[in-house]
Amino acid sequence: MIQFDEAFRIAMEHARPVEAERVPLTESCGRVLAEDVASDMDMPPFNKSAMDGYACRRGDLDGELTVLETVPAGKPPTRPVGPGQCTKIMTGAEVPEGADCVVMVEFTEETGEGRIRFTGEDTQANICGRGEDLKSGQVVLHRGTLIAPAHVA
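Described below are features of the structure shown in this document. (Residues numbered from 1 in each chain as written. Predicted model: local features only at pLDDT ≥ 70, side-chain atom pairs only at ≥ 80, totals over all residues. Heavy atoms only, no water.)

## Structural notes on the sheet that holds strand β6 (residues 101–104)
Point 1. Ordered in space as β6-β3-β5-β4-β8-β7, the six strands form an open sheet in which the pairing is mixed. Looking along the sheet, the strands with just one partner apiece sit at the ends: β6 and β7 (108–112). Sheet twist, expressed as the average angle between the axes of neighbouring strands with direction ignored, equals 40°.
Point 2. Bridge analysis of β7 against strand β8 (residues 115–118) gives four bridges, and the strand direction is antiparallel. Looking at the pairing, Gly 112 lines up with Arg 115 of β8. (Pairing = 2+ DSSP bridges. Helix = DSSP H or I, 4+ residues; strand = E, 2+ residues; numbered from the N terminus. Axes fitted to C-alpha atoms, helices over the stretch in contact; angles between N-to-C directions.)

## Considerations on the layout of surface pockets
Point 1. By volume, the largest pocket is sized at about 790 Å³.
Point 2. Lining of the largest pocket is provided by 20 residues; of these, Glu 21, Val 23, Val 32, Leu 33 and Ala 34 occupy positions nearest its centre.
Point 3. The residue inventory of the lining of the largest pocket, partitioned by class, reads 12 nonpolar, two polar and six charged.
Point 4. The calculated volume of the second largest pocket comes to roughly 170 Å³.
Point 5. Lining the second largest pocket, in full, are Val 37, Ala 38, Ser 39, Asp 40, Leu 134, Val 140, Leu 141 and His 151.
Point 6. Contributions of two or more residues to the lining of the second largest pocket are made by β1 (37–38) and β10 (139–141).
Point 7. Partitioned by chemical class, the residues of the lining of the second largest pocket number five nonpolar, two polar and one charged. (1 Å grid on protein atoms, 1.4 Å probe; cavity = no way out; pocket = protein on both sides within 12 Å on 5 of 7 lines; lining within 4 Å. Points joined across faces, edges and corners; volume = space filled by probe spheres on them. Nonpolar A, V, L, I, M, F, W, Y, C, P; charged D, E, K, R; others polar.)

In structure tokens, the structure reads:
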């Protein structure tokens, strides 16, 4: 029986590079990346709400706000937020233009049809900025990575 170092040397002398090939993503587990993979977009791709609440202007929190629309995740807002206005927004939804914070729904109360008031003392922005997690062009997987199910996802 030969020693490990000798066996390794022999194996390396006979090893040959293999050609890179393209395979469907669903068949890539267990393979090794031939080149770096970079993101083709910012993540998130827009400023998004970190929670359910109302997107508004921080400077307007001391008065009543008129609710312009409701924006669920997956649907873009149709109206910008102006003075004295807000948009009811769900977690993950795009923050409308003009809004600089999202107040938690728990810190609001309805004051009439289509109107709310902020009942908290202060609020965080509660907005995940465009590209906060990942910038377009940023390498997410490096050449030589052994592809596992998490990489495919």
